[in-house]
Amino acid sequence: MHELGSTRSSLKFDHLLQTPDTFIRSPLPGARGVEFVIHAAPPMGARFTQMTAEFSGRGSLGPTTAQRFIYVLDGKLELKAGGKRRMLTPGGFAYLPEGAPHSVCAPGIARAVVIEKPYEPAPGAPAPTLVIGDEDDVASVPLMGDSALRVRTLLPNVPAYDFAVNTMTYNPGASLSMVEIHVMEHGLLMLEGGGIYRLGDSWYPVHAGDFIWMRAYCPQWFGALGKRPAKYLIYKDWLRHPLGA
Ligand code: UGY
Ligand code: MN
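This structure is a prediction, so every number in the text was calculated from the model and none was measured.

Below, the discussion takes up the sheet that holds strand E14 (residues 146–153). Spatial strand order, E1-E2-E19-E16-E21-E15-E14-E13: eight strands in an open sheet with antiparallel pairing. Looking at strand neighbours, the two that pair on one side only are strand E1 (10–12) and strand E13 (141–143), the edges of this open sheet. Along the sheet, successive strands turn relative to each other by an average axial angle of 25°, direction set aside. Relative to strand E19 (residues 211–214), strand E2 (residues 15–18) runs antiparallel, the two sharing four bridges. Of the residues in E19, the one forming a bridge with His15 is Met214.

Quick look at the structure:
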């Protein structure tokens, strides 16, 4: 059905809501058998990239000059890094430090979130190391004591790492307790359910499959609606002085 030019997608100065009907796929150098939806990237003001990588059978990622974080959405990915070989399944994730030799290959059709960011060293902080995990093994912690809104912190919360990736799960009716305005920017992929996202001075209906980018200081609030929990994966720059010192 032709939508006559209408879409829920919206690009404003301080945010992007990108809905699946507007996704454009492209190849990237070095990758084989993979198409990328490049959701967030420097041309729109982001200081990181976030993509959805869609692998055909035997597809593989190319190298990167940046740190790389991978979170499997569908299918399986074989990761080789640091002398380890792991098969990641949905909810499986990995963090590869900048310059760490590795390969990521899909034995069959698969989809994954790929986040890349140039590493920002911090005075006195040790170098980050390889992380391989599964979301099911990560503790689910109530946000500000609200057990209807639970957070899983996928990366170690220590200064070696300069970004965070978390999942947040809201029971129907749960919401952020405040409108947040903060220095960190966000990349967010809705994984399950839906609700209303306030971004800047706009309120949007959102649901699984939607991507959101929030520039630093973008006013933000979410409330979950529907009969099932809403869940998203969220990136933020973290644990670095804003002046880069
Ligand atoms: O970590 C965060 O800043 C998170 N609470 N933001 C959000 O969900 N929009
Ligand atoms: Mn936030």
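With that out of the way, let us pick up the UniProt feature "domain: Cupin type-2" (unreviewed entry) in the protein. Under the UniProt annotation, "domain: Cupin type-2" (unreviewed entry) lies at residues 67–115 and 167–233. Helix makes up 0% of residues 67–115 and strand 67%. Its end C-alpha atoms lie 8 Å apart. Regarding residues 167–233, the helix share stands at 0% and the strand share at 55%, and the terminal C-alpha atoms are separated by 4 Å.

Take unusual backbone geometry next. Even without being a glycine, Tyr217 presents a positive backbone phi close to 75°. Looking at the element boundaries, Tyr217 is found in the loop between E19 and strand E20 (220–225). The backbone of Leu239 shows a phi angle near 60°, a positive value even though the residue is not glycine. Examined against the element boundaries, Leu239 turns out to sit in the segment after strand E21 (230–237). A relative accessible area of 37% places Leu239 in the partly exposed class.

What follows covers the nonpolar core. The biggest cluster of nonpolar side chains holds 24 residues, and the ones touching the most others in it are Phe69, Tyr71, Leu154 and Val165. Of all elements in the fold, only strand E6 (67–74), strand E9 (92–96), strand E11 (110–117), strand E15 (163–170), E19 and E21 reach the threshold of two or more residues within this core. Here the element with the most residues in this core is E6; it accounts for three residues. Both domains that furnish three or more residues to this core are identified here as domain 1 (24–134) and domain 2 (138–237).

A few words now on the site of ligand 1. The local shell around ligand 1 consists of Met168, Leu176, Glu180, His182, His186, Tyr197, Gln220, Tyr232, Ile234 and Lys236. Protein contacts shield 93% of the accessible area of ligand 1, which totals 270 Å² for the unbound molecule. Broken down by element, the residue count for the shell around ligand 1 peaks at three residues, all from E21. Grouping the amino acids of the shell around ligand 1 by side-chain chemistry returns five nonpolar, three polar and two charged.

Strand order in the open sheet made by the three strands is E18-E17-E20, with antiparallel pairing throughout. Every interior strand has two partners, whereas the edge strands, strand E18 (202–207) and E20, have only one. Strand-to-strand, the axes of this sheet are offset by a mean angle of 20°, without reference to chain direction. Direction of pairing for strand E17 (residues 194–199) relative to E18: antiparallel, over a ladder of six bridges. If you follow Gly194 over to E18, its bridge partner there is His207.

You can see Glu78 is positioned in strand E7 (residues 77–81). Among the polar contacts made by the side chain of Glu78, one reaches the side chain of Arg85 at a distance of 2.8 Å. Ignoring any residue separated from it by four or fewer positions in sequence, one finds Glu78 in contact with Arg85, Arg86, Met87, Ser103, Val104, Cys105 and Pro107.

A word on the domain arrangement of the protein. Segmenting the protein into domains produces domain 1 (24–134) and domain 2 (138–237). Centre-to-centre separation of domain 1 and domain 2, based on C-alpha positions: 21 Å. Of the residues lining the interface, 27 residues belong to domain 1; the matching set on domain 2 comes to 26 residues. Both faces combined, the contact of domain 1 with domain 2 buries some 2100 Å², and carbon together with sulfur accounts for 69% of it. Contact with domain 2 buries area across many residues of domain 1, yet Arg47, Phe48 and Tyr71 alone supply 22% of it, more than any other trio. For the pair domain 1 and domain 2, the number of links is six residue pairs in polar contact (both at pLDDT 80 or more). Only strand E4 (32–40), E6, E9, E11 and strand E12 (131–134) provide two or more residues apiece to the side of domain 1 that touches domain 2. With four residues, the single largest contributor to the side of domain 1 that touches domain 2 is E6.

Thresholds applied
- Residues numbered from 1 in each chain as written.
- Chains lettered and ligands numbered in written order.
- Predicted model: local features only at pLDDT ≥ 70, side-chain atom pairs only at ≥ 80, totals over all residues.
- Heavy atoms only, no water.
- Pairing = 2+ DSSP bridges.
- Helix = DSSP H or I, 4+ residues; strand = E, 2+ residues; numbered from the N terminus.
- Axes fitted to C-alpha atoms, helices over the stretch in contact; angles between N-to-C directions.
- UniProt positions renumbered as here; feature names shortened; annotations may be inferred.
- Buried < 20%, exposed > 50% of the residue type's maximum accessible area, 1.4 Å probe, protein only.
- Core = buried A, V, L, I, M, F, W, Y, C linked by side-chain atoms within 4.5 Å.
- Domains from an automatic or database assignment.
- Near = heavy atom within 4 Å.
- Areas by Shrake-Rupley, 256 points an atom, 1.4 Å probe, with all protein chains shown as cover.
- Nonpolar A, V, L, I, M, F, W, Y, C, P; charged D, E, K, R; others polar.
- Polar contact = N/O pair within 3.5 Å; in protein donor to acceptor, adjacent residues only side chain to side chain.
- Contact = heavy atoms within 4.5 Å.
- Buried area = accessible area lost by both parts, 1.4 Å probe.

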